[in-house]
Amino acid sequence: MSIYFDKYQPKATWGKHWHPTVQVLIFGAGSECTIQWEDNGHWREQRIRGRHVWVIGAGVSYKLEWHREALRLVLYLEPAFAEESAGLVIRSTVLFSPELIAKCDTKVAQLLNDIDVLDQPATRPDFIHIESLGSLITVRLFKAWRCLTEGRKGGAEGLGRHTMSKLDALITERLDTKLLLTDMAREVGMSRSNLARLFRRRMGLSLGQYLIGRRISKAKEMLALDEHRIGEIAVSVGFANQGHFDDLFKKWVGVTPTEYRQSLRQLRQIP
């Protein structure tokens, strides 16, 4: 294992590149980045904010743009390390938030906090301390990753609890972005068709319907606060524009967002 640590990674754009080892890229608390990676000949993109850990398989091409200065720690691992430590074979990329990892290991979030408060290493002992923390995070991360994907077992019987938790975490994290069935299937390591079929069997509705329901529920919470314009709410819960939001909200709730907000105001005025 080798590492690279930069307390103050500046704003920068990394063009397309790849590495022969597995990389574990740790983004510090103040990070704001756009990541891109190649997946079966297609480029995927996601914008992230705050602490995250991105695992990039050996030979996977990727790009990255840092939008603000933030801490960066990269660990370079031999591909066999993941298999030996947690039985994982890493062929693509997976992005983890601390909240997602905490579903199986709450200690990792604390270790990420410890990384964030470190200074740029000035001595060999400082460097060894960072290397030790990074190694510990990586081992625990890989074990948590295996825990999170245990729900894949017995696929024909249905979706496991960990898979459902992983889907919910992904939807919560990306509620304000375009989220495709392909993205969700890749996150839980299943085919699109298998995920769609098993989800409908378990929940009684499609993943697309479930996602819209989550967006509408969040919109209701925001409409009740009177802090945001309706157009702002539409964008923040993942709708392309207010018109689309108005149409779907009325279809699901029976009234427009404006009418829903007005009814809540009237209820608050009743003594």
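It should be emphasised that the depicted structure is a prediction, and the values quoted were computed from it without experimental measurement.

Conventions used here
- Per-chain numbering applies: the sequence of each chain, read as written, is numbered from 1 onward.
- This being a predicted model, a pLDDT of at least 70 is required before a residue's local features are given, and a value of 80 or more before pairs of side-chain atoms are given or counted; all residues contribute to the totals for chains, interfaces and linings.
- Side-chain figures throughout are based on the complete set of non-hydrogen atoms in the structure, without hydrogens or water.
- Working convention: axes come from line fits to C-alpha atoms, limited for helices to the stretch in contact. Angles between N-to-C directions cover 0 to 180 degrees.
- Segments assigned H or I by DSSP are reported as helices when at least four residues long, segments assigned E as strands when at least two residues long, and all are numbered from the N terminus.
- When an angle is under 35 degrees it counts as roughly parallel; over 145 it counts as roughly antiparallel; between 65 and 115 it counts as roughly perpendicular; any other value is oblique.
- Residue contacts are counted whenever heavy atoms from the two residues lie within 4.5 Å of one another.
- Classification convention: Asp, Glu, Lys, Arg as charged; Ala, Val, Leu, Ile, Met, Phe, Trp, Tyr, Cys, Pro as nonpolar; all other residues, Gly among them, as polar.
- Here, strands pair whenever DSSP counts at least two bridges between them.
- Between 30 and 60 degrees the pair is tilted, below 30 it is stacked and above 60 it is edge-to-face, where a pair is any two Phe, Tyr or Trp rings, Trp via its six-membered ring, whose centres lie within 6.5 Å.
- Any residue under 20% of the maximum accessible area for its type is buried, any over 50% is exposed, and the rest in between are partly exposed; the area is computed with a 1.4 Å probe on protein chains only.
- Any pair of nitrogen or oxygen atoms within 3.5 Å is treated as a polar contact; in protein, a donor-acceptor pairing is required on top of that, and neighbouring residues in sequence qualify only through side-chain atoms on both sides.
- Helix span, expected: 1.5 Å multiplied by one less than the number of residues in the helix.
- By construction, the arc corresponds to the directions joining the helix axis to the C-beta atoms.
- Definition used for salt bridges: Asp or Glu carboxyl oxygen within 4 Å of a side-chain nitrogen of Lys or Arg.

K.L.:
Can you help me understand the packing of helix α8 (residues 207-223) against helix α10 (residues 242-253) in this one?
P.N.:
When two helices pack together, their arrangement is captured by the angle between the axes and the distance separating the axes. The contact between α8 and α10 brings their axes to 11 Å, and the two run at 95 degrees. With respect to α10, the element α8 is oriented roughly perpendicular. Each of Q209, I212, G213, I216, A219, K220 and L223 in α8 lies in contact with α10, whose residues at this interface are F245, L248, F249, W252 and V253. Its residues assigned to classes, the contact of α8 with α10 shows nine nonpolar, two polar and one charged.

K.L.:
Quick question: what am I supposed to make of the sheet that holds strand β5 (residues 42-49) here?
P.N.:
Two pairing modes exist for strands in a sheet, parallel and antiparallel, and in both the strands are linked by backbone hydrogen bonds. Spatially, the four strands line up as an open sheet ordered β2-β7-β4-β5, and their pairing is antiparallel. Strand pairing shows two members of the sheet lacking a second neighbour, β2 (12-17) and β5, which therefore form its edges. Averaged over all pairs of adjacent strands, the angle between strand axes in this sheet comes to 10 degrees, irrespective of strand direction.

K.L.:
Explain the packing of aromatic side chains here, please?
P.N.:
Each aromatic ring pair is summarised here by two numbers: the centre-to-centre distance and the angle between the ring planes. Applying the stated criterion across every chain, the model contains 11 aromatic pairs. With a centroid separation of 5.3 Å and an interplanar angle of 40 degrees, the aromatic rings of F27 and W66 are classed as tilted. With a gap of 39 residues between them, F27 in strand β3 (residues 22-27) and W66 in strand β7 (residues 62-66) connect regions that are remote in the sequence. What makes W66 buried here is its relative accessible area of 2%. Each ring, one from F245 and one from F249, has its centre 5.7 Å from the other, and the planes form 65 degrees; the classification is edge-to-face.

K.L.:
It is not clear to me how the side chain of E32 should be interpreted in this structure. Could you clarify?
P.N.:
With respect to the helices, strands and loops of the structure, E32 is situated in strand β4 (residues 32-39). The exposure class of E32 is buried, given its relative accessible area of 12%. At a separation of 2.7 Å, a polar atom in the side chain of E32 contacts the side chain of R47. Sequence-distant contacts of E32, that is, excluding residues within four places in its chain, are made with R47, I48, R49, E65, W66, H67 and R68.

K.L.:
So what exactly am I meant to see when it comes to the side chain of S61 here?
P.N.:
Summarising the element assignment, S61 is placed in the loop between β6 (52-56) and β7. With relative accessibility at 10%, the residue S61 sits in the buried group. Contacts of S61, omitting those with residues within four sequence positions, involve K16, H17, W18, W37, E38 and W43.

K.L.:
Is there a simple way to explain the environment of S2 in this structure?
P.N.:
With respect to the secondary-structure elements, S2 resides in strand β1 (residues 2-9). Classification of S2 by relative accessible area gives partly exposed; the value is 37%. The spatial distance from the C-alpha of S2 to the C-alpha of G41 is 29 Å, given a sequence separation of 39 residues.

K.L.:
Hey, could you run me through the sheet that holds β1 in this one?
P.N.:
Pairing is antiparallel in the open sheet, where five strands are placed in the order β1-β8-β3-β6-β9. In this open sheet, the two strands that pair with only one neighbour each are β1 and β9 (93-96). Between one strand axis and the next, the sheet turns through 10 degrees on average, direction left out of account. Packing of helix α4 (residues 124-148) onto the sheet brings it into contact with β1, β3, β6, β8 (70-77) and β9, and relative to β8 it is tilted by some 75 degrees.

K.L.:
In this structure, what is going on with helix α7 (residues 192-203)? I would like to understand it.
P.N.:
Every α-helix carries 3.6 residues per turn, so stepping three or four residues along brings you back to the same face. With 12 residues, α7 ought to run about 16 Å at 1.5 Å a step, and its terminal C-alpha atoms sit 16 Å apart, in line with that. Restricting attention to buried positions, one finds in α7 the residues L195, L198 and F199. For α7, the buried positions fall inside an angular range of 105 degrees around the axis, keeping them on one side.

K.L.:
For this particular structure, what's the right way to read the environment of D226?
P.N.:
Take D226: it is sitting in the loop between α8 and α9 (230-236). Relative accessible area serves as the criterion here: at 36%, D226 is assigned to the partly exposed category. If we ignore the near neighbours within four places in the chain, the residues touching D226 are R261, R265 and R268.

K.L.:
What is the right way to read the pattern of salt bridges from this model?
P.N.:
A pair can form between side chains of opposite charge whenever their charged atoms are brought close. Counted by the stated rule, this structure contains 11 salt bridges. Between D39 and R186 there is a salt bridge, with its nearest N and O atoms 3.2 Å apart. Of this pair, D39 sits in strand β4 while R186 sits in helix α6 (residues 181-188); the two residues are 147 residues apart in sequence, bridging distant segments of the chain. Across the salt bridge formed by K218 and E221, the nearest N and O atoms sit 3.8 Å from each other.

Keep in mind these numbers describe shape, not what the thing actually does.
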